[in-house]
Amino acid sequence: MRLPPAIIGYTEEVLREILRFTGPADVTLSRYFRDHPRLGARERGVIAEAVYGLLRNKSVYTNFAESGNGSPMRRMTLLGLADAVGVDSLGGLTEEETEWLNRVTAIDRSLLPAAMRANLPKWLFDKLVERDGEEQAMKLAEALNTPAPLDLRVNSLKATRDEVIATLAEAPILCEPTPYAPLGLRVLKKPSLQNLPLFKDGAIEVQDEGSQLLAQIVGAKRGEMVVDFCAGAGGKTLALGATMRNTGRLYAFDVSEKRLAKLKPRMARSGLSNIHPVLIAHENDGKVKRLAGKIDRVLVDAPCSGLGTLRRNPDVKWRQTPDAVTEMNAKQIAILSSAARLVKSGGRLVYGTCSLLDEENEAIAAQFLANHEDFSLVPMKDVLAEQKIDLEMQDYLKLLPHLHQTDGFFAAVFVRK
Ligand SMILES: C[S@@+](CC[C@H](N)C(=O)[O-])C[C@H]1O[C@@H](n2cnc3c(N)ncnc32)[C@H](O)[C@@H]1O
């Protein structure tokens, strides 16, 4: 069935706003849908898919939109919608538009220049090519421009992975165990989970496999004192709390009240009572100082460019700038240095990001080690062996979508001597 012609106007309107890049695309999209309650579920789905498809392919579509007649924004909109549902499903096109869309969507993209095909901003593409070579950079770009699968983490306090697979199969929702994370499941389609008893009762949480692995290498144990320094809405906090079997004390620090507020209902669902959310004003807050030298394990899941999450947040690549990354680097080293003071002798400090850039990853780890003689690096291959995770790494954890089917993640593990 063809889509009503009005959908083109709605998509164009919201796209115009999103392409100003004044805020995250998902926030703008949610606000638009709230302001347009008449839009049905199917229309919302198509508009969202068109917007995301366009953000993923913006370089190529901008080039395509330069041909043809009429407003470039309408042409961009048509390309996004054609990407989402196919040209034949669009209602309200002129004959000329149909002919143009059929022509440009049939173009063999392998003939386009690599920098355009990668659909990355030039500064980022150049950086990746310089580091990894063009072939690898293209493979990475292609994976980053493909939507992420839906990964779940089983809450081991409430169920086993096999029990969840069996219960989901009754729904029927098909999934398979993730290759590396012991409690992960990859769902084969993208069903809505919110109303499932498994979700409401806290037996499952949505969490990328890479994020699960980052929490696991902290190695938190029963009865320990653990700090999740940048806990946000608690994706990794919940995983840590379950690994600790709901014992010990797990402090969830963050500077964002809004993010910590989102952790609370998730804590309630999970059945975890060992988590203590703490709002801090900054990384040197007195609440941090009081715990100096007392903590067994500290995770710093640092604020970063987020370029490893482009599969879910394709707008991030167009919103980030090299200057913003440089500013972030100062914050990252400041947070890591302050968090390090919490770690007791023999304790573990984990620095992680969801960035692909060396300057937010290895460079911060190296700078930290150079300035903290009382810490040494624990090679990631040893940490993975200890956690029985079957992944080949050297000094650091470096997860990449084209190699591991996860978001891009980096982690370094240090021990206090
Ligand atoms: C990558 S996000 C954390 C994601 C979270 N750990 C998860 O797994 O869902 C980084 C977090 O760092 C927080 N943050 C920023 N500056 C901070 C600071 N100075 N001290 C502590 N947290 C900070 C941000 O509010 C944000 O929630």
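What counts, and at which threshold
Residues numbered from 1 in each chain as written. Predicted model: local features only at pLDDT ≥ 70, side-chain atom pairs only at ≥ 80, totals over all residues. UniProt positions renumbered as here; feature names shortened; annotations may be inferred. Pairing = 2+ DSSP bridges. Helix = DSSP H or I, 4+ residues; strand = E, 2+ residues; numbered from the N terminus. Axes fitted to C-alpha atoms, helices over the stretch in contact; angles between N-to-C directions. Buried ≥ 20, exposed ≤ 12 C-beta atoms within 10 Å, placed from the backbone. Domains from an automatic or database assignment. Contact = placed C-beta atoms within 7 Å. Nonpolar A, V, L, I, M, F, W, Y, C, P; charged D, E, K, R; others polar. Core = buried A, V, L, I, M, F, W, Y, C linked by C-beta atoms within 7 Å. Near = placed C-beta within 6 Å. Parallel < 35°, antiparallel > 145°, perpendicular 65-115°, else oblique. Left-handed = near helix turned anticlockwise from the far one by under 90°.

By the naming in an unreviewed UniProt entry, the protein chain goes by SAM-dependent methyltransferase and is assigned to Glaciimonas soli. Comment text from UniProt for the protein chain, heading Sequence similarities (unreviewed entry), reads "Belongs to the class I-like SAM-binding methyltransferase superfamily. RsmB/NOP family."

### Topic: the sheet that holds strand β3 (residues 184-187)
Sheet strands line up and pair through hydrogen bonds in the backbone, either parallel or antiparallel. Taken in spatial order, the four strands make up an open sheet running β2-β3-β1-β4, and their pairing is antiparallel. Every interior strand has two partners, whereas the edge strands, β2 (175-177) and β4 (204-206), have only one. On average, adjacent strands in this sheet sit at an angle of 35° to one another, irrespective of strand direction.

### Some words on the pairing of strand β8 (residues 295-301)
Where burial is concerned, most of β8 is hidden: seven out of the seven residues are buried. Looking at chain direction, strand β5 (residues 225-228) and β8 are connected through three bridges and run parallel. Note that in β8 the partner of D228 across the bridge is L299. By the bridge criterion, six bridges tie β8 to strand β9 (residues 343-353) in an arrangement that is parallel. Looking across to β9, one finds that D301 is bridged to G352.

### Some thoughts on the domain arrangement of the protein chain
Annotation of the protein chain at the domain level lists domain 1 (6-112) and domain 2 (209-416). Counting residues at the interface gives eight residues for domain 1, matched by four residues for domain 2. It is helix α3 (residues 41-56) that provides the largest number of residues to the side of domain 1 that touches domain 2, a total of three residues. Tallied by class, residues from the side of domain 1 that touches domain 2 come to six nonpolar, no polar and two charged.

### What to know about the nonpolar core
Of all hydrophobic cores here, the largest spans 86 residues; its most connected members are V298, V300, Y351 and A411. When neighbours within four sequence positions are excluded, A411 is seen to be in contact with L214, I217, V350, Y351, G352, Y396 and L397. Core analysis: the second largest hydrophobic core is formed by 31 residues, I7, Y10, A50 and A65 among them.

### Observations regarding the site of the ligand
Around the ligand lies a shell of 19 residues, among which C230, G232, G235, S256 and D301 are the nearest. Secondary structure elements with two or more residues in the shell around the ligand: α13 (235-243) and β6 (249-254). Classifying every residue of the shell around the ligand by side-chain character gives nine nonpolar, five polar and five charged.

### Section: the packing of helix α17 (residues 322-340) against helix α18 (residues 362-371)
Running from amino to carboxyl end, α17 crosses α18 at an angle of 45°, the nearest separation of the two axes being 10 Å. As judged from the angle between their axes, α17 and α18 are oblique. The chirality of how α17 crosses α18 is right-handed. Of the residues in α18, those in contact with N329, Q332, I333, L336 and S337 of α17 are I364, Q367 and F368. A class-by-class count of the residues in the contact of α17 with α18 yields four nonpolar, four polar and no charged.

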